Amino acid sequence: MAEPGSPAEVLIVGGGVAALETMMALRDLAGDRVRVTLVAREPDFVYRAMAVAEPFGLGEAQRYPLRRIVEDFGAELVQAGVAALDASARRVVLRSGDMLRYDTVVLAPGARMLPAFDDALTFGGPESGPAMRALLDELEQGAVRRIAFVAPTVAGWTLPLYELALLTARHATTKHLQLELALVTPEQRPLALFGERPSAAVAQLLAAAGIAFIGASHVEVGEGEFWLVPGGRTLDVERLVALPLVRGPELEGVPAELEFGFVPVDRHGRVDGLDGVYAAGDATSFPVKQGGLAAQQADAVAEHVAARHGAQVEPSPFRPVLRGLLFAGGAERYMRAAEQGEGAAAARPLWWPPTKIAGRYLAPYLYEREAASVPGPAPEGFRDLEVLLDTPDAAPVGD
Ligand SMILES: Cc1cc2nc3c(=O)[nH]c(=O)nc-3n(C[C@H](O)[C@H](O)[C@H](O)COP(=O)(O)OP(=O)(O)OC[C@H]3O[C@@H](n4cnc5c(N)ncnc54)[C@H](O)[C@@H]3O)c2cc1C
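Residues numbered from 1 in each chain as written. Predicted model: local features only at pLDDT ≥ 70, side-chain atom pairs only at ≥ 80, totals over all residues. Heavy atoms only, no water.

Draft legend 1. Quick peek at the overall build of the chain. Helices and strands together make up the secondary structure of the chain, namely seven helices and 22 strands. Here the C-alpha atoms of the chain give a radius of gyration of 22 Å, agreeing with the 21 Å that 2.2 N^0.38 yields for 399 residues. For the C-alpha atoms alone, the extent of the chain along its principal axes is close to 70 × 50 × 40 Å. Out of the 399 residues in the chain, the part that is buried amounts to 52%. Long-range contacts, defined as pairs at least 24 residues apart, comprise 66% of the intrachain contacts of the chain with a sequence gap of at least 6. Carbon and sulfur atoms form 49% of the exposed surface of the chain, whose accessible area is close to 17,700 Å². (Helix = DSSP H or I, 4+ residues; strand = E, 2+ residues; numbered from the N terminus. Rg over C-alpha atoms; globule rule 2.2 N^0.38 Å. Buried < 20%, exposed > 50% of the residue type's maximum accessible area, 1.4 Å probe, protein only. Contact = heavy atoms within 4.5 Å. Areas by Shrake-Rupley, 256 points an atom, 1.4 Å probe, with all protein chains shown as cover.)

Draft legend 2. Structural context of the site of the ligand. The ligand sits among 33 residues. The nearest are Ala18, Val82, Asp282, Gly291 and Lys356. Contacts to the ligand include Gly15, whose backbone N or O atom sits 3.1 Å from an oxygen atom. The contact in question runs from an oxygen atom of the ligand to an N or O atom on the backbone of Gly291, over 2.9 Å. For the ligand, whose unbound accessible area comes to 1,000 Å², protein coverage reaches 92%. For the shell around the ligand, the secondary-structure elements that each account for two or more residues are α1 (17–30), β2 (34–40), α4 (159–174) and α6 (291–308). If you tally residues by element for the shell around the ligand, the top one is α6, at three residues. For the shell around the ligand, the per-class residue count stands at 16 nonpolar, 10 polar and seven charged. (Near = heavy atom within 4 Å. Polar contact = N/O pair within 3.5 Å; in protein donor to acceptor, adjacent residues only side chain to side chain. Nonpolar A, V, L, I, M, F, W, Y, C, P; charged D, E, K, R; others polar.)

Draft legend 3. Representation of the packing of helix α3 (residues 128–141) against α4 within the structure. Running from N to C, α3 and α4 point in directions that differ by 35°, and their axes come no closer than 11 Å. In this structure, the crossing between α3 and α4 has a hand that is right-handed. Only Leu164, Thr168 and His171 of α4 make contact with α3, whose side of the interface consists of Met132, Arg133, Leu136, Leu139 and Glu140. Partitioned by chemical class, the residues of the contact of α3 with α4 number four nonpolar, two polar and two charged. (Axes fitted to C-alpha atoms, helices over the stretch in contact; angles between N-to-C directions. Left-handed = near helix turned anticlockwise from the far one by under 90°.)

Draft legend 4. Here's a closer look at the packing of α1 against α6. Between α1 and α6, the least distance of the axes is 8 Å, while the angle of their chain directions is 35°. Crossing of α1 over α6 shows right-handed handedness. Within the contact between the two elements, α1 uses Val17, Ala18, Glu21, Thr22, Ala25, Leu26, Leu29 and Ala30 and α6 uses Gly291, Ala294, Ala295, Ala298, Asp299, Val301, Ala302, Glu303, Val305 and Ala306. Class assignment of the residues belonging to the contact of α1 with α6 gives a composition of 13 nonpolar, two polar and three charged.

Draft legend 5. Structural view of the confidence of the model for the chain. When pLDDT is averaged along the chain, the result is 90, and 91% of the positions lie at 70 or above. Note on residues 371–375: pLDDT under 50 across the span, and four contacts to partners over four residues away in sequence or across chains. (pLDDT = per-residue confidence, 0-100.)

Draft legend 6. Representation of the pattern of salt bridges. Enumeration over the complete set of coordinates arrives at 16 salt bridges. With its nearest N and O atoms 3.1 Å apart, the salt bridge here joins Arg91 to Asp86. Salt bridges linked by common partners bring Arg90, Asp275 and Arg308 together as one network. (Salt bridge = Lys/Arg side-chain N within 4 Å of Asp/Glu carboxyl O.)

Draft legend 7. Geometry of the pairing of strand β12 (residues 146–150). Burial analysis of β12 places five of its five residues in the buried class, which makes it a mostly covered element. Two strands pair when backbone bridges link them, and β12 and strand β13 (residues 180–184) are joined in this way by five bridges, in the parallel orientation. By the bridge assignment for β13, Phe149 is matched with Leu183. Between the parallel pair β12 and β13, the chain is carried across by α4, and the sense of this crossover is right-handed. Sheet topology note: the β12/strand β17 (residues 239–242) ladder contains four bridges and is parallel. In the strand pairing of β17, Phe149 is matched with Val241. (Pairing = 2+ DSSP bridges. Right-handed = clockwise from strand over helix to strand, strands pointing away.)

Draft legend 8. Structural view of α1. An ideal rise of 1.5 Å per residue puts 20 Å on 14 residues; α1 measures up with 19 Å between its terminal C-alpha atoms. With 11 of its 14 residues buried, α1 lies for the most part within the structure. Taken together, the buried positions of α1 are occupied by Val17, Ala18, Ala19, Leu20, Glu21, Thr22, Met23, Met24, Ala25, Leu26 and Ala30. Positive backbone phi, approximately 50°, marks Gly31, located one or two places after α1. (Expected span 1.5 Å × (residues − 1).)

Draft legend 9. Examining the packing of aromatic side chains more closely. Across all of its chains, the model carries seven aromatic pairs by this definition. Between Phe45 and Tyr47, the ring centres sit 6.3 Å apart and the planes meet at 90°, which makes this aromatic pair edge-to-face. Between the aromatic rings of Phe73 and Tyr365, the centroid separation amounts to 5.2 Å while the plane-to-plane angle is 65°, which identifies the pairing as edge-to-face. Placement of Phe73 in the loop between α2 (66–72) and β5 (76–79) and of Tyr365 in helix α7 (residues 362–369) is noted, with a sequence separation of 292 residues between them. Considered together, Phe73 and Tyr365 belong to a single accessibility category, that of buried residues. An aromatic cluster of three or more residues is present, and its members are Phe45, Tyr47 and Tyr64. When the ring centre of Phe262 is taken as origin, the NZ or CZ atom of Lys289, which lies over that ring, is 3.7 Å away. (Phe/Tyr/Trp six-rings, centres within 6.5 Å; stacked < 30°, edge-to-face > 60°. Lys NZ or Arg CZ within 6 Å of the ring centre and 35° of its normal.)

Right under this line is the structure:
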């Protein structure tokens, strides 16, 4: 641990949602008790949640230089990839072989994404935007007419698939194209995780757009054909657009669950069996890989770390509240899952600021940086920047 009176060294591995939210929360909660260093492989934070809009020319996955964000919060940036954790010596090992010492380390390297099918367009990484754009060109030329949007598994985050399907349908309408679109998913109902009401609202959107919903199903590929499982029915499409499979980060010295390699943590983000080691976000064993949840995990970690280094904070455990903004190019839906009950869906914001990635610190920070979207005060009825309306179920779709 740090010498009495000197700040504790906190290393945060990653430059995404969980890493930034942890850094911002720590600055607020622990102040000068900690010296924070972010170790990130890439120079920019990428707002991936808007990647779906890019191929359609309706928005972009904006990039924010990490250096500026880190400076704004009085932290330091080391731009490097982390190769391993040496927890017994309290050091992380960089790919260059250099070591960085810590009192506390927070691992937020995200998940690895792997293609689920050889012959599908996998939407997730940086190349997927141009690939999707090329597919739209083929649609416009009449070379392709039938597409299935496929979620290979429910582990991960399926909302972008719905957005891609709806945006493709919208594109077809604009360009007067006759397409046959289907969405195939292991979910029983559209975005079932949000509860009945949001699911019904999404089902309505799909039906209105002419997209066939095929739930409780997987796709298998063989001899150039696509099959639905269970049932064995042929899926009569020319192309698949699929979400990736998500896997744990593969960092040497970091515990990993057997099946998919995610980092096992408790509700405060403490990594099983390692003192002073925390993890947050998509890299952890929590099955839903979503930015808002990554931010909530990061907040729980930051509270525990702040208390560990002497701040007067009562750490509260991670209690997931799912908020999702479905972007459909003009038919947006704000959705919130309820712990009990039906959840809520509305055409107007159910949280503030009304960003796609809802995080207590990150969302207001990014929102305020966007000159074009200066938010002004939160509308009446919002208690603060993070908390939702108390009675969201009262908000009907379409108001
Ligand atoms: C197409 C798409 C759409 C999405 N839409 C939404 C949405 O609408 N709303 C929502 O809430 N979520 C959405 N998500 C999910 C959201 O983007 C993720 O859940 C979120 O980014 C997870 O944050 P994270 O910090 O855990 O990981 P990431 O954001 O993946 O960040 C990981 C960071 O760690 C860095 N890193 C990785 N390995 C190392 C290493 N060894 N050393 C150093 N640095 C490393 C990476 O460069 C990166 O900066 C979407 C995701 C995708 C792909």
